[in-house]
4 protein chains.
Amino acid sequence: MRLRFTTAGESHGKGLVTVVEGLPAGLPLGAEYVNHQLRRRMQGYGRGARMKIEQDAIEWLAGVRAGESLGSPVAMLIVNRDWANWEDVMAHEGDGEIRRRRVTRPRPGHADLVGVLKYDRLDARDILERASARETAARVAAGALARRLLEEFGVEIGSHVVSLGGIVVSAPPRLPVPLNESSDASPVRVLDPEAESEIVSRIDEAQKNGDTLGGEIEVVARGVTLGLGSHVSWDRKLDGRLAAALMSIPAMKGVEIGLGFEAARRPGSAVHDPIATQEAVQGADARAGFQRLSNNAGGLEGGMTTGEPLVVRVAMKPISTLMSPLKTVDLTSGSEASAQSERSDVTAVPAAGVIAEAMVALVLADALLEKFGGDSLEETKRNHQAYLEAVGRRWDGVRDS
Amino acid sequence: MRLRFTTAGESHGKGLVTVVEGLPAGLPLGAEYVNHQLRRRMQGYGRGARMKIEQDAIEWLAGVRAGESLGSPVAMLIVNRDWANWEDVMAHEGDGEIRRRRVTRPRPGHADLVGVLKYDRLDARDILERASARETAARVAAGALARRLLEEFGVEIGSHVVSLGGIVVSAPPRLPVPLNESSDASPVRVLDPEAESEIVSRIDEAQKNGDTLGGEIEVVARGVTLGLGSHVSWDRKLDGRLAAALMSIPAMKGVEIGLGFEAARRPGSAVHDPIATQEAVQGADARAGFQRLSNNAGGLEGGMTTGEPLVVRVAMKPISTLMSPLKTVDLTSGSEASAQSERSDVTAVPAAGVIAEAMVALVLADALLEKFGGDSLEETKRNHQAYLEAVGRRWDGVRDS
Amino acid sequence: MRLRFTTAGESHGKGLVTVVEGLPAGLPLGAEYVNHQLRRRMQGYGRGARMKIEQDAIEWLAGVRAGESLGSPVAMLIVNRDWANWEDVMAHEGDGEIRRRRVTRPRPGHADLVGVLKYDRLDARDILERASARETAARVAAGALARRLLEEFGVEIGSHVVSLGGIVVSAPPRLPVPLNESSDASPVRVLDPEAESEIVSRIDEAQKNGDTLGGEIEVVARGVTLGLGSHVSWDRKLDGRLAAALMSIPAMKGVEIGLGFEAARRPGSAVHDPIATQEAVQGADARAGFQRLSNNAGGLEGGMTTGEPLVVRVAMKPISTLMSPLKTVDLTSGSEASAQSERSDVTAVPAAGVIAEAMVALVLADALLEKFGGDSLEETKRNHQAYLEAVGRRWDGVRDS
Amino acid sequence: MRLRFTTAGESHGKGLVTVVEGLPAGLPLGAEYVNHQLRRRMQGYGRGARMKIEQDAIEWLAGVRAGESLGSPVAMLIVNRDWANWEDVMAHEGDGEIRRRRVTRPRPGHADLVGVLKYDRLDARDILERASARETAARVAAGALARRLLEEFGVEIGSHVVSLGGIVVSAPPRLPVPLNESSDASPVRVLDPEAESEIVSRIDEAQKNGDTLGGEIEVVARGVTLGLGSHVSWDRKLDGRLAAALMSIPAMKGVEIGLGFEAARRPGSAVHDPIATQEAVQGADARAGFQRLSNNAGGLEGGMTTGEPLVVRVAMKPISTLMSPLKTVDLTSGSEASAQSERSDVTAVPAAGVIAEAMVALVLADALLEKFGGDSLEETKRNHQAYLEAVGRRWDGVRDS
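This is a predicted model, so every value here is computed, not measured. The numbering scheme is per chain: residues are counted from 1 as the chain's sequence reads. Lettering of chains starts at A and numbering of ligands starts at 1, both following the order in which they are written. Totals for whole chains, interfaces and linings use every residue, but because this is a predicted model, local features are given only for residues with pLDDT of at least 70 and side-chain atom pairs only at 80 or more, for both listing and counting. The basis for every side-chain value is the complete set of non-hydrogen atoms in the structure, without hydrogens or water.

**A look at the environment of P309 of chain D**
Residues and elements named next belong to chain D.
Logical step 1: Tracing the sequence through the fold places P309 in the loop between β14 (304-305) and β15 (310-316).
Logical step 2: For the pair P309 and V155, spaced 154 residues apart in sequence, the C-alpha separation works out to 9.6 Å.
Logical step 3: Note on contacts: a residue pair qualifies if any of its non-hydrogen atoms lie within 4.5 Å across the two residues. Discounting chain neighbours no more than four positions away, the residues touching P309 are V220, A221, R222, N295, G298 and G299. Secondary structure is summarised from DSSP: a helix means a run of H or I of at least four residues, a strand means a run of E of at least two, and numbering begins at the N terminus for each.

Here it is in structure tokens:
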């Protein structure tokens, strides 16, 4: 990998740390840009009280000077504003309070049970603090840097919710551009007012029942240069790298590209996207003079971007912590018990789109830097531009002949 | 990664090479074991003439002595039996014949177009030879070694087709054990005689129409020790690693774990798997004394195996080379054209299950070696056994109290 | 890699961040243990004023609870106590002060010149802040965690200076145990009182001349279990991994293992270490019943540890920032100039041993976890113990027969 | 890593396999080019009979068509011409002969003893076959591809022996260009006729005594573009990556860059290389308009290439298999024994230079592709050229002002 990122931090710990390594120098960066993404992650109807506490914002620790990346690792800290209330329970050293308040009734659907057995812990808190979706704030911060880089190359990444709590959204066939302007305007990030109100009711109902809801999110990246990723080796294929990044988001149980599972049900003649030449375009274009008459492939063929919009969908299961707790076993007695209830949301699907966007951005930025190299933004842009021109030139030669 | 594998080879080249690095020493290995998996990959109703030519078999090149792995990299060669007929077109050096027979009408759905632009080639054959699904034979060979290792730890991996050409299979709720014995007995690898004959007809029909079909495959791994993978970092999560491995198989457009997309549509109370103690079991068990009253999670929670069967599904699009070719552009003239037709199958879904099994085996073997370490089979088994006993002991202590 | 670490931070930035990922859970950790190593890094005769300011100490950010590792990434922050004085020059956003105080006379021996050209920067400070040896404080923090882990497996790591400013030290043939207790007692970390006073004079003299001094350091790790690393692939060989880790320390220009370059000058009969059985030992021993009658190999054969003490040496060039500055070119005018003088030390050789120890510890801990696996300290120790017993048992069988 | 390579194969196995992944497409490649390097590896006064048998040559298995790389993994096979004589002892399956001819007297200085204990083998042949220096033929083949790539960027890599058997060579201060033309003309690859005849006598003498000799090799790479590698993170620093690659060659015990250990003994004023502007050069130059008035740094500052010649030295211990065998222990009886004698050379130092060149080439090619990206040779060259021009332009601007 050309671009690497690491996160650290527990849900109720001192804070979350993100280190992003491999960015070119000279990329304009501002905390407000990152914080905007962090705020987007906290939005969405159906969230609990924690969201109000969070009000996440980063503090630069390293790698940025005078509003530009230095080429060195960028480190960001998201301080946990609630730390004072958790300092006893999460103390780094000393353990008086800690021993008295163990979590011993593992919650189904969480890492709790397997975690305590694998890591040989007595307190499921030692596991759940890290397995918590809180970690995704650090991913969103990392993803914001990748997104900022991609912007310089004309890439726009957005998402919208396509189903929630079983209610399927009828999004318009042509998605608005930019996508997030529209989807963020909806409390549940859908592009269908009718479905929106149904979903809001469904969330209210679930809350009454102490239940939780999942859903499906679509992420769309426009303007991605053709030829990112590769067909040559299994671990260079971009579809696999995207799937890994998306499925690694907590609670995700499915990933689709383009038509996805629907592609498996249609005949080939109704799946593959015919190739045509593109109408004359001004300047270099991400598609280099070609177009597909449809985009069932979702912008990926042979593990490479085609220049058409990249379209991926993820399936998020309902939140695992229910207010009407599930059956479990108490690890101190071996007897049947009700799972611990940590305060929780009804659904996090709207916000999960922001996380999925971040992971897509990180994968695309990595693939872009892999193909174009470069240690300064200018160098990477120069290489990128020269590639588009060379592909266009070759093709122009053909069309002129 | 503890276990690494690399493949090389073009579809009509001299052969395919696979190198698997990181296996412990002392693992019993025989060519016949690997060849059995290669034969399984060539099965399935709906395949073209190529399958008869292939009759793949490996030749050991390195890493195996006296029927055992040495701990050094294992290299295998699958010779292309048709090489004599392709030697001109695929010659390594010299290029008389090559220049005359270029592929210049890129096939939609393939790597052809993006590949020639990205890699700056004049002949799409330079791309399609590597992007071909033929490469998956090398993956199956690698996967066979991983499968052989996992067998020593009580893991059984199988697969079956759950839909093909739009026909949904009604598999029995309790899958047969071992799974492949039943699924391999069906020409389309389904566990539903009624669906089987419908699917066979659908394939015949597609063949008449010059069309192709996709489908969905379910892979099940039983006996996987709880605690493989990890929740601590995004790239250690086993769900992400499985998704990458599966989505990197050519033609895959979707991956699901457990309930998958269905999990996104149900309320949490109908998704998460309650935890219970397990009936007394003889000896150490992969689940260490616990069980889930359902397995909607598909054997993965928090990016770790739960000890329940691992269940993943992949969606395969129809084969991209149609006998009624799709519209494309001729790269030498810029004018509209019909895509090149390489001889092809109607569907490869039944065989794709074998490839998906191989990729799952490689990911699980890697995760197993990561957790248990070991340079000899005996050492890895000793560490594995000691872990199961320690987890069981701790838990027994609780149950006895 | 099983154990990964990342550092971030500029020399005069807000602080240094270290993330260590892959440690087992349950490792006892205290800030004081890490700080002790940080203090050792600040010692040594010949350091400038900066050392007094530094007084480095870590703050836990993540991965530690109640004095134990959680298995999740451990993040540490070393705050820069001088930050207030640098906030203008190193401001993350906004750039008034920054533009006025550029470093434009690159210092020979530093990353300055190549860095500004490669990363396309106008101010060499954008490079030198990260290329500074200050970054090694973050490595020492990471290494302290690795050292703590290795202690649990009976490994003791120490170092001493074997030459400084051209004065060769006559260390006793049998090094004291523990090594650091003796070497840390010397202001220049040598085990030879006569050489010590000569070195101190040489440093004083160099200071008068505005010059700087380099030297050689020997790191010794005792009690390392035989069989870490591997001969099977080039990038698994432990000698290569150690060389990479050591040569990556700023200012290092040479690495030797065991006899090192001297081994190249002797005949084979005077180099290779005869193998013998070991006197009866109580309990499991890192050497498993064997011993070498000499240790010219420095504890490594075939890329694997032999159980004998691991002995490596590094050559550190003199500090590149001289008070009598070297000739260079002014990047704003193209004319000849004197290199920028940042306040600096005469020599950092004594402290460099602490950094070298840290890098050795990180490599050994990685190799140990790779071989023994384990997610909790107890599991890794159990696997380690079982290996030593198995090797011993096999060999006892032979000796009894 | 952008460029990856894997080798497989035992010393007396069927052959050696090398897979090189990540090369751009369009690189002209011929077997003869690779074989030339393989022949260079077999040269040198002091080699035993095996060298005559070897006559290594590659067979392309994958990744090359019509004399050009395809961008897909390149696989090469070096058949072992002696395989027929070893088929019994090294049989992949079945083990009649194998059980009767075990190697049980581990040779000091080899992987034998640690290997059998670590990998739990009864026959040291299971270890020594892979730990053998024969594996380096596969590295040389891989390195030849890297060398071929670097040639396109004006890089010339050569080596010469600087000491052998304790005799120090007085190479001319200005090394000949190209270096290998001169050094290959000497039977011991030295640039000093007097030392040459002394060395030849020393080898003859050692042979009479049943002894072996080591030595030191210097590798020089000219024309390496400034700015490969990086200062930003420990594992991106080029000095560390070179050290790892070189120290991973069997029998290497030391690595130096530039002045190396000598740099540790001089004052800073006699070490660091003053920076000056360069005389007007025709066209883009690897140094971008600068030069160093000396090259004590060996072409690396801050983990990056400076554009000056890259100079590294390695120390090779004497061959470990002596005809007057060393003392060891018989693993079947526990009693003292003489080490097994495999037929062997007196010295392999001259040939080792070729291996060291290969490893340097692989590291530089990787770093070059990392910086410049590119999927076709043309693209990488275009990016490289644009970088040199941009650096030159910026600097010209300064000089003009």
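**Concerning the interface of chain D and chain C**
Logical step 1: Contacts between chain D and chain C engage 106 residues on the former and 106 residues on the latter.
Logical step 2: Interface area for chain D against chain C, summed over the two sides, is near 8,100 Å², with a carbon-plus-sulfur share of 64%.
Logical step 3: For this document, the term salt bridge refers to a Lys or Arg side-chain nitrogen within 4 Å of an Asp or Glu carboxyl oxygen. The partner of R394 of chain C in a salt bridge is D120 of chain D, with the nearest N and O atoms 3.5 Å apart.
Logical step 4: In protein, a polar contact means a hydrogen-donor-capable atom and an acceptor-capable atom, both N or O and within 3.5 Å, with residues adjacent in sequence counting only if both atoms are side-chain atoms; elsewhere, any N or O pair within 3.5 Å suffices. The interface formed by chain D and chain C contains 41 residue pairs in polar contact (both at pLDDT 80 or more).
Logical step 5: Considered class by class, the residues forming the side of chain D that touches chain C number 53 nonpolar, 30 polar and 23 charged.
Logical step 6: Pairing between strand β10 (residues 252-257) of chain C and strand β10 (residues 252-257) of chain D: three bridges, direction antiparallel. A quick way to say it: buried area is the sum, across both parts, of accessible area lost when two parts are put together, with a 1.4 Å probe. Gly counts as polar in this scheme, as do all residues outside two lists: the nonpolar Ala, Val, Leu, Ile, Met, Phe, Trp, Tyr, Cys and Pro, and the charged Asp, Glu, Lys and Arg. Two strands qualify as a pair provided that DSSP identifies no fewer than 2 bridges between them.

**Concerning the relation of the copies chain D and chain C**
Logical step 1: The superposition of copies rests on a least-squares fit of C-alpha positions from residues with pLDDT of 70 or more in both. Structural alignment of chain D on chain C gives an RMSD of 0.0 Å, achieved by rotating through 180° and translating 0.0 Å along the axis. Here the symmetry operator amounts to a two-fold rotation axis. The rotation axis passes nearest to the C-alpha of A244 of chain D in chain D, at a distance of 2.3 Å.
Logical step 2: Looking at chain D, 100% of its interface residues are interface residues in chain C too, so the copies touch through the same face.

**Side note on the interface of chain A and chain B**
Logical step 1: The interface of chain A with chain B comprises 106 residues on the first partner and 106 residues on the second.
Logical step 2: Taken together, both faces of the contact between chain A and chain B bury some 8,100 Å²; the carbon and sulfur share is 64%.
Logical step 3: Inspection of the region where chain A meets chain B yields four salt bridges.
Logical step 4: Put simply, chain A and chain B have 41 residue pairs in polar contact (both at pLDDT 80 or more) between them.

**A closer look at the pairing of strand β2 (residues 15-21) of chain D**
Residues and elements named next belong to chain D.
Logical step 1: Three labels apply to residues, based on accessible area from a 1.4 Å probe with only protein chains included: buried if under 20% of the type maximum, exposed if over 50%, partly exposed otherwise in between. Most of β2 sits inside the fold, with seven of its seven residues counted as buried.
Logical step 2: Here β2 shows two buried faces, one formed by G15, V17, V19 and E21 and the other by L16, T18 and V20.
Logical step 3: Sheet analysis places strand β1 (residues 4-8) next to β2, joined by five bridges and oriented antiparallel. Counterpart to F5 in the pairing with β2 is V20.
Logical step 4: Hairpin connection between β1 and β2: a loop of six residues separates the two successive antiparallel strands, and G9 in this loop has a positive phi of roughly 130°.

**What about the pairing of β10 of chain D?**
Looking along a regular strand, one sees side chains alternate from face to face of the sheet.
Residues and elements named next belong to chain D.
Logical step 1: The buried count for β10 comes to six of six residues, which makes it a mostly enclosed element.
Logical step 2: Bridge count for β10 against β15 is five bridges, and the pairing is antiparallel. Note on β15: the bridge partner recorded for V255 is V314.

**A look at the packing of aromatic side chains**
Logical step 1: Any two rings among Phe, Tyr and Trp, with Trp reduced to its six-membered ring, count as a pair given centres within 6.5 Å; such a pair is stacked if its planes are under 30 degrees apart, edge-to-face if over 60, and tilted if neither. All told, the structure shown has 10 aromatic pairs over all chains when counted by the stated rule.
Logical step 2: With 5.1 Å between their ring centres and 10° between their planes, W234 of chain A and F5 of chain B make a pair best called stacked. One end of the pair, W234 of chain A, is in the loop between β9 (215-222) and α10 (238-247); the other, F5 of chain B, is in strand β1 (residues 4-8), on a second chain.
Logical step 3: Given the relative accessible area of 15%, W234 of chain A is considered buried.
Logical step 4: On the numbers, 5.8 Å between centres and 65° between planes, the contact of F261 of chain A with F261 of chain B is edge-to-face. Taken as a pair, F261 of chain A in the loop between β10 (252-257) and β11 (275-277) and F261 of chain B in the loop between β10 (252-257) and β11 (275-277) lie in two separate chains rather than in one. Here F261 of chain A and F261 of chain B have matching classes, each one buried.

**Notes on the relation of the copies chain A and chain B**
Logical step 1: By a simple turn and slide, chain A fits onto chain B: the slide is 0.0 Å along the axis, the RMSD is 0.0 Å, and the turn is 180°.
Logical step 2: Both copies share a contact surface, since 100% of the interface residues of chain A are interface residues in chain B too.

**Looking at the pattern of salt bridges**
Logical step 1: In the structure shown here, the tally under the stated rule is 148 salt bridges over all chains.
Logical step 2: The closest approach of N and O atoms between R189 of chain B and E357 of chain B, which form a salt bridge, is 3.5 Å. Of this pair, R189 of chain B sits in the loop between α8 (179-183) and α9 (193-208) while E357 of chain B sits in helix α11 (residues 349-372), and the two are 168 residues apart along the sequence.
Logical step 3: You can call R189 of chain B buried: its relative accessible area is 0%.
Logical step 4: When its relative accessible area of 0% is taken as the criterion, E357 of chain B is described as buried.
Logical step 5: R222 of chain C is the partner of E156 of chain C in a salt bridge, and the nearest nitrogen-oxygen pair spans 3.8 Å. With E156 of chain C in strand β7 (residues 156-164) and R222 of chain C in strand β9 (residues 215-222), this residue pair connects regions lying 66 residues apart in the sequence.

**With respect to the confidence of the model for chain A**
Logical step 1: Every residue carries a pLDDT, the predictor's confidence in it, which falls somewhere between 0 and 100. Model confidence for chain A is summarised by a mean pLDDT of 93, while 95% of its residues fall at 70 or above.
Logical step 2: Quick note on the complex model: pTM equals 0.97, ipTM equals 0.96.

**Digging into the environment of A358 of chain C**
Residue and element names in this part refer to chain C.
Logical step 1: Tracing the chain through its elements places A358 in helix α11 (residues 349-372).
Logical step 2: You can call A358 buried: its relative accessible area is 3%.
Logical step 3: Here the alpha-carbon distance between A358 and Q43, two residues 315 residues apart in the chain, equals 15 Å.
Logical step 4: The contact partners of A358, leaving out residues within four places of it in the chain, are R139, V140 and G143.

**Focus: helix α10 (residues 238-247) of chain C**
Logical step 1: With 10 of its 10 residues buried, α10 of chain C lies for the most part within the structure.
Logical step 2: Among the residues making up α10 of chain C, those that are buried are L238, D239, G240, R241, L242, A243, A244, A245, L246 and M247 of chain C.

**Quick look at the side chain of T136 of chain C**
Residues and elements named next belong to chain C.
Logical step 1: Counting through the fold element by element, T136 comes out in helix α7 (residues 136-151).
Logical step 2: For T136, a relative accessible area of 1% translates into the label buried.
Logical step 3: With near-sequence residues (within four places) excluded, T136 lies in contact with R41, I249, P250 and I355.

**Quick word on the packing of α10 of chain C against α11 of chain C**
Residues and elements named next belong to chain C.
Logical step 1: Between the N-to-C directions of two axes lies an angle of 0 to 180 degrees, each axis being a line fitted to C-alpha atoms and, for a helix, fitted only over the stretch in contact. Two elements in contact, α10 and α11, have axes separated by 9 Å at closest approach and are oriented at 145°. Handedness of the α10/α11 crossing: right-handed. Contact residues: α10 offers L238, R241, L242, A245 and L246, while α11 offers A356, M359, V360, V363, L364, D366, A367 and E370.
Logical step 2: In the contact of α10 with α11, the residues fall into 10 nonpolar, no polar and three charged. By the definition used in this description, the sense in which the near helix is turned from the far one sets the handedness, with an anticlockwise turn below a right angle giving left-handed and a clockwise turn giving right-handed.

**Comments concerning the sheet that holds β9 of chain A**
Logical step 1: Strand order in the open sheet formed by 10 strands is β8(A)-β7(A)-β9(A)-β15(A)-β10(A)-β10(B)-β15(B)-β9(B)-β7(B)-β8(B), and the pairing between neighbours is antiparallel. Of all the strands in the sheet, just β8 (167-168) of chain A together with β8 (167-168) of chain B have a single pairing partner and so form its edges.
Logical step 2: Docked against the sheet, helix α10 (residues 238-247) of chain B engages β10 of chain A together with β10 and β15 (310-316) of chain B, running at close to 150° with respect to β10 of chain B.

**Notes on the side chain of T212 of chain A**
Logical step 1: Considering the arrangement of structural elements, one finds T212 of chain A in the loop between α9 (193-208) and β9.
Logical step 2: Reaching out from T212 of chain A, the side chain makes a polar contact with the backbone oxygen of I319 of chain A at a distance of 2.7 Å.

**Examining the sheet that holds β2 of chain D**
Note on sheets: strands pair through backbone hydrogen bonds, and any given pair is parallel or antiparallel.
Residues and elements named next belong to chain D.
Logical step 1: Strands sit in the order β1-β2-β6-β3 across an open sheet of four strands; the sheet is antiparallel. The open sheet has two free edges, formed respectively by β1 and β3 (58-62), since each of these has just one partner strand. For this sheet the average axis-to-axis angle between neighbouring strands, irrespective of direction, equals 20°.
Logical step 2: Sheet contacts for helix α1 (residues 31-41): β3 and β6 (74-79); angle to β3, the most-contacted strand, approximately 130°.
Logical step 3: The sheet strands contacting helix α7 (residues 135-151) are β1, β2, β3 and β6, and the helix crosses β2 at an angle near 30°.

**With respect to the environment of V89 of chain D**
Logical step 1: Inspection of the secondary structure puts V89 of chain D in the loop between α3 (83-86) and α4 (96-100).
Logical step 2: A C-alpha to C-alpha distance of 9.3 Å links V89 of chain D and G13 of chain D, two positions 76 residues apart in sequence.

**Notes on unusual backbone geometry**
Logical step 1: Of note, the amide linkage connecting V177 of chain B to P178 of chain B takes the cis form, showing an omega dihedral of -5°.
Logical step 2: Looking at the secondary structure, you find P178 of chain B in the loop between β8 and α8.
Logical step 3: At A66 of chain C, a position not held by glycine, the phi torsion is positive, near 50°.
Logical step 4: Its location among the elements puts A66 of chain C in the loop between β4 (64-65) and β5 (68-69).
Logical step 5: Overall, A66 of chain C belongs to the partly exposed group, its relative accessible area being 22%.
Logical step 6: In the Ramachandran plot, R189 of chain D falls in the positive-phi region, its phi being about 55° despite a non-glycine side chain.

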